[in-house]
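# A look at the structure
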Amino acid sequence: AVVSTQSTGVDQAEVKRQLLDKIKAGFMTQLYRDVSADLNMPLNNSVLEEMEARNKEELEKLTEAIANAEKNEGESEVREAMVKKCEYLTSIGRKEDALKMLKETLEKTNTTGHKLDLHFHLIRLGFFFSDNKTITANLDKAKELIELGGDWDRRNRLKVYTGLYAMSVRNFKEAADNFLDTVSTFTSYELMDYHTFIKYTIMSAMLALERKDLTKKVVEGADINEVLHELPLFKSYISSLYNAQYAEFFVALGSIEGIFKGDRYLAAHTHYYIREMRIRSYGQLLESYSSLTVTYMATSFGVSERFIDRELSRFISAGALNAKIDKVGGIIQTNRPDKKNWQYQSVIKQGDLLLNRIQKLSRVITI
C-alpha cells in the first residue's frame, strides 16, 4: 500500500511523478500495476507492454544463466545465478515469484552465512510489502542459524533487522535495545543509511529508556554524539527534554510528529508516540515538585493554561499521570506512588490468584 502524504505538507503530484519515474526506469511492471491501482491512476498500455517485454527478456537471460551453471559449473555458481534471479524478481515487484525463487535457492544453499543472507533478503521483501508473517518467520529462522555459527557482521545486521521490525509494530523498547547495540557497528545499508538509523535509534530510545539509561546510552553516547551535529532537530529533541527546556522540547516534538507521519514504518504509531512523549515530559516536570501552579506549567511548555488544564485532566483521569488539579486554586498537586506499598499490594494480589488456581486444581484432582 502507498503511504498517504496528505498530512505531511508534501506536494502529492510531485511525489507521484517521482515514484512513477522510478518505477518506469526500473521496469517494475508489477509495482506499476499495484501503485496505479492504489492511486486510482490509469495504466499506460504502451509503457506496460514495454516493461513486460523487458522483464521477459531479462528473466529468460537469468533462467538461461542458471541452466548453464547447472550444466557446466559448480554449486556456488548455480547458487549465485539463482540469487541474481531472486534479486531481479524482487526489484520488479513480483513478490510471489520472488518468494518461490528464494525458497528454491535456500534448498540449494549449504553454508550458514549464505542461508542467512537469503533470510535477510526475505525479511527485506516482507518489509517492502508490509508482510509481517514473512518477516517474523524469517527473523526466527535467522536467529536459529545465528546460534549455529553466524559471523560477527551478520549477528549485528540481524539486530538491526530485529529492531526495525520491533519499531514497526510499536515495540520501541526492543527496537531501542537492538539499535543501541549496533550503533558503533552498523553495516545494514541495504535497509537504511546511517543517519536514518540514528534517527530511529533516538526516537525509540527517547520513549523506551529510563532517564539513567538514556543518559548513558544516548545523551553521553559517543557514537550518537558524533552524528548529532548533522541532525540539529534530534540534538534539540534530546537536549531539551534532558535539560528540562520544555517549550523547546514541544517545538522539537512537533517536528518529530511530521517525521512520523511521513515514515512508512512509523506513520501508524504517530498519535501513540506523540501522546506518550507528552506524558513523559509532563511527568518529568511534575516529579520535581510536590505542587505547582497551572500558570507555571503552561509557561514552561509554551502553551496556554487552557491547553495544559485539558491535557493534564485527560491524562490524570486515564491514570497516566500521578497528580490532581485544584481548579479553584489553579494548583497541580503530585501524588507520588508509594513503591513499596505498590509492590506489597501486587504480591498479595498475585498470591490470591495463585491460591485460587491451586484450589481449583485440587478440586479437579479430587474428582
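Attention in this report is confined to the structure presented alongside it. Predicted model only: the values in this text are computed from it and were never measured. (Residues numbered from 1 in each chain as written. Predicted model: local features only at pLDDT ≥ 70, side-chain atom pairs only at ≥ 80, totals over all residues. Heavy atoms only, no water.)

### As for the packing of aromatic side chains
To keep it simple, the criterion reads: Here a pair means two rings of Phe, Tyr or Trp (six-membered ring of Trp) with centres within 6.5 Å. Their orientation is stacked below 30 degrees between planes, edge-to-face above 60, and tilted elsewhere. By the criteria applied, helices consist of DSSP H or I runs no shorter than four residues and strands consist of E runs no shorter than two, each listed in order from the N terminus. Per-residue accessibility, obtained with a 1.4 Å probe over protein chains only, is compared with the maximum for each type, and a residue is labelled buried under 20%, exposed over 50%, and partly exposed between these values.
Taken as a whole and judged by the stated rule, the model has 19 aromatic pairs. Judged by centre distance (5.7 Å) and plane angle (85 degrees), the ring pair of F127 and Y265 falls under edge-to-face. Placement of F127 in helix 6 (residues 112–128) and of Y265 in the loop between helix 14 (246–261) and helix 15 (270–286) is noted, with a sequence separation of 138 residues between them. Across the pair, exposure class does not vary: F127 and Y265 are buried alike.

### A closer look at the sheet that holds strand 2 (residues 323–326)
Applied cut-off: By the convention used here, strands pair only if DSSP detects at least 2 bridges between them. The convention used is that axes are lines fitted to C-alpha atoms, helices contributing only their stretch in contact, and that angles between N-to-C directions extend from 0 to 180 degrees. Here, residues are in contact when the closest pair of their heavy atoms is within 4.5 Å.
Ordered by their spatial adjacency, 3 strands build an open sheet running 1-3-2, and the pairing between neighbours is antiparallel. The open sheet has two edge strands with one neighbour each: strand 1 (291–293) and strand 2. The mean angle between the axes of side-by-side strands here comes to 20 degrees, regardless of whether they run parallel or antiparallel. Pairing of strand 1 with strand 3 (residues 331–334) involves 3 bridges; the strand directions are antiparallel. By the bridge assignment, T293 is partnered in strand 3 with I331. Sheet strands touched by helix 16 (residues 294–301): strand 1, strand 2 and strand 3. Its angle to strand 1, the strand with the most contacts, is close to 75 degrees.

### Focus on the environment of D140
Tracing the chain through its elements places D140 in helix 7 (residues 132–147). For D140 and T162, which are 22 residues apart along the polypeptide, the C-alpha to C-alpha distance reads 9.7 Å.

### Topic: a nonpolar patch on the surface
The criterion, for reference: Patches in this entry comprise residues that are over 30% relatively accessible and not in a salt bridge; like charges within 9 Å are linked, as are nonpolar side chains (Val, Leu, Ile, Met, Phe, Trp, Tyr) within 5 Å. Computed with a 1.4 Å probe, the accessible areas rest on the Shrake-Rupley method; for each residue, only the protein chains presented here act as cover. The working definition used for a salt bridge is a side-chain nitrogen of Lys or Arg within 4 Å of a carboxyl oxygen of Asp or Glu.
A contiguous nonpolar patch, built from L354, L355 and I358 and spanning about 300 Å² of accessible area, is present on the exposed surface. Along the chain, L354 falls in helix 18 (residues 339–366). Among the residues examined, L354 registers a relative accessible area of 51% and is labelled exposed.

### Re the pattern of salt bridges
Any two side chains of opposite charge can pair, so long as their charged atoms come close to each other. Scanning all chains against the criterion turns up 18 salt bridges. Here K159 makes a salt bridge to D181, at a shortest N to O gap of 3.8 Å. In this pair, K159 sits in helix 8 (residues 152–168) while D181 sits in helix 9 (residues 172–181), placing the two residues 22 residues apart along the sequence. Here K159 falls in the partly exposed class, since its relative accessible area comes to 31%. Look at D181 and you get partly exposed, because its relative accessible area is 46%. Through salt bridges with shared partners, one network takes in D117, D151, D153, R154, R157 and E190.

### Section: unusual backbone geometry
Notably, N40 is not glycine yet its phi reads approximately 55 degrees, a positive angle. Following the sequence through the fold, N40 ends up in the loop between helix 2 (29–38) and helix 3 (45–72). The phi dihedral of S130 falls on the positive side, at around 55 degrees, and the residue is not glycine. Positionally, S130 belongs in the loop between helix 6 and helix 7.

### Things to note about the pairing of strand 2
Pairing of strand 2 with strand 3 involves 4 bridges; the strand directions are antiparallel. If you follow K324 over to strand 3, its bridge partner there is Q333. Between strand 2 and strand 3, which pair antiparallel and follow one another directly, the connecting turn spans 4 residues, one of which, G330, has a positive phi of 70 degrees.

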